[in-house]
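The lines below spell out each chain.
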Amino acid sequence: MPGTHGDKATRARSFGAAADLYERARPGYPDDAVDWLVPDGARTVLDLGAGTGKLSRSLVGRGLDVIAIEPLPEMRAALTAAVPEVRALAGTAEQIPLADASVDAITVAQAWHWVDPRRATAEVARVLRPGGTLGLIWNRRDDRVDWIVQLTKAMGSAEVEVMDMDAVEIGPPFGPTESFVTEWSRPMDVDLLVEMTASRSYVITATPRRRREILAGVRRVVEADAHLGTDFTLPYRTYCYRAALPT
Ligand SMILES: C[S@@+](CC[C@H](N)C(=O)[O-])C[C@H]1O[C@@H](n2cnc3c(N)ncnc32)[C@H](O)[C@@H]1O
């Protein structure tokens, strides 16, 4: 069940305790999604709620000048270790420590559901240059696949998995929200899948007993499916949204 272990603010802070696990176990983002998210001509990009820099490193790989904002010091430390080219600053989506109209694009990967969207939208609009874009991206397991349905039952759902992806709307002062969905598969084995489950906020904040139950349940789903074997792939759908400020 979503949201059963601790309040949302506690769960949002919980990632710090598991920064290394997060960095090891969580997926990055597929190239076509990153290409779609950042407009041609952008040079300075702010990756907001950057975590350990899973998206930031793809932005750096495109030759962009990347600033990362992340509230948790443990996540920022892991980001700096993984992508030292990025300027990592403390801050939140609601309070960004950058000047007005100072960046060309802002990305928010797997994090917009943690923010106060009304305050964050106003703050993002302040920091973007006229015509700048806000891009949101989420990876979701592809629950059209049978064993993924079993996996989701064993894992429990995070907020992001109960969000209605058709209803994501950035809103004024931004123009219309455009969307793009892409499919991909991540090479996986059962130990990595268990670690990835353990890196989720509601598992980090669960009681030790509940955490053991969830992780054992995940292992059982893989072991019960003879088709998966030891090395398999985890199918994802990646949902992207973008909207631009008026010029
Ligand atoms: C699921 S992680 C995603 C991290 C990274 N963007 C990625 O794609 O792996 C969510 C991140 O949002 C951060 N976060 C939580 N509340 C936030 C807020 N109000 N403003 C900015 N970031 C926030 C958390 O500290 C955490 O690092």
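Here the structure is a predicted model, which is why all the values come from computation and not from measurement.

**Quick look at the overall build of the protein chain**
Of regular secondary structure, the protein chain possesses 11 helices and 7 strands. What you see for the protein chain is a C-alpha radius of gyration of 18 Å, in line with the 18 Å of a compact globule of 247 residues. Taken along the three principal axes of its C-alpha coordinates, the protein chain extends 55 × 30 × 30 Å. Relative to its 247 residues, the protein chain shows a buried fraction of 55%. Across the protein chain, the fraction of contacts at a sequence separation of at least 24, relative to all contacts at a separation of at least 6, is 76%.

**Regarding unusual backbone geometry**
Put simply, P172 and P173 share a cis peptide bond, and its omega is 5 degrees. Among the secondary structure elements, P173 is positioned in the loop between α8 (159-162) and β6 (178-189). You will see that A101, though not glycine, has its phi angle at about 50 degrees, which is positive. Along the chain, the position of A101 falls in the loop between β3 (87-89) and β4 (103-109).

**Considerations on the sheet that holds strand β1 (residues 44-48)**
Spatially, β3-β2-β1-β4-β5-β7-β6 is the arrangement adopted by the 7 strands of the open sheet, whose pairing is mixed. Of all strands in the sheet, those bounded by a partner on one side alone are β3 and β6. When strand polarity is set aside, the average angle formed by the axes of neighbouring strands in this sheet is 20 degrees. Pairing analysis gives 9 bridges linking strand β5 (residues 128-141) to strand β7 (residues 231-244), with the strands arranged antiparallel. Note that in β7 the partner of N139 across the bridge is T238.

**With respect to the site of the ligand**
The environment of the ligand is made up of 19 residues, and the closest members are Y22, Y29, G49, E70 and A109. Contacts to the ligand include G49, whose backbone N or O atom sits 2.7 Å from a nitrogen atom. For the ligand, whose unbound accessible area comes to 600 Å², protein coverage reaches 95%. Taken together, the residues of the shell around the ligand break down into 12 nonpolar, 4 polar and 3 charged.

**Considering the nonpolar core**
Residues W147, L151, L193, M196 and L234 are the most contacted members of the largest nonpolar core, which totals 34 residues. For W147, the contacting residues outside a window of four places in its chain are L193, V221, V222, D225, L228, F232, T233, L234 and P235. Formed by 29 residues, the second largest nonpolar core is a distinct cluster that contains L46, I96, I106 and A125.

**Some details on the packing of aromatic side chains**
With the rule as written, the count across this model stands at 4 aromatic pairs. Both rings, one in W36 and one in F180, keep their centres 5.6 Å apart while their planes meet at 20 degrees; by these two values the pair is stacked. Here W36 is found in helix α3 (residues 31-37), whereas its partner F180 is found in strand β6, with 144 residues between them in sequence. Residue class for W36 comes out buried when judged on its relative accessible area of 16%. A residue is classified by how much of its surface remains accessible, and F180, at 25% relative accessible area, is partly exposed. When the centroid spacing of 4.9 Å and the interplanar angle of 15 degrees are considered together, the rings of W184 and Y236 count as stacked. In this pair, W184 sits in strand β6 while Y236 sits in strand β7, placing the two residues 52 residues apart along the sequence. The ring of W36 carries the charged tip of R242 above its face, separated from the ring centre by 4.0 Å.

The rules we used
- Residues numbered from 1 in each chain as written.
- Predicted model: local features only at pLDDT ≥ 70, side-chain atom pairs only at ≥ 80, totals over all residues.
- Heavy atoms only, no water.
- Helix = DSSP H or I, 4+ residues; strand = E, 2+ residues; numbered from the N terminus.
- Rg over C-alpha atoms; globule rule 2.2 N^0.38 Å.
- Buried < 20%, exposed > 50% of the residue type's maximum accessible area, 1.4 Å probe, protein only.
- Contact = heavy atoms within 4.5 Å.
- Pairing = 2+ DSSP bridges.
- Axes fitted to C-alpha atoms, helices over the stretch in contact; angles between N-to-C directions.
- Near = heavy atom within 4 Å.
- Polar contact = N/O pair within 3.5 Å; in protein donor to acceptor, adjacent residues only side chain to side chain.
- Areas by Shrake-Rupley, 256 points an atom, 1.4 Å probe, with all protein chains shown as cover.
- Nonpolar A, V, L, I, M, F, W, Y, C, P; charged D, E, K, R; others polar.
- Core = buried A, V, L, I, M, F, W, Y, C linked by side-chain atoms within 4.5 Å.
- Phe/Tyr/Trp six-rings, centres within 6.5 Å; stacked < 30°, edge-to-face > 60°.
- Lys NZ or Arg CZ within 6 Å of the ring centre and 35° of its normal.

Any functional reading would require information beyond the geometric quantities listed.
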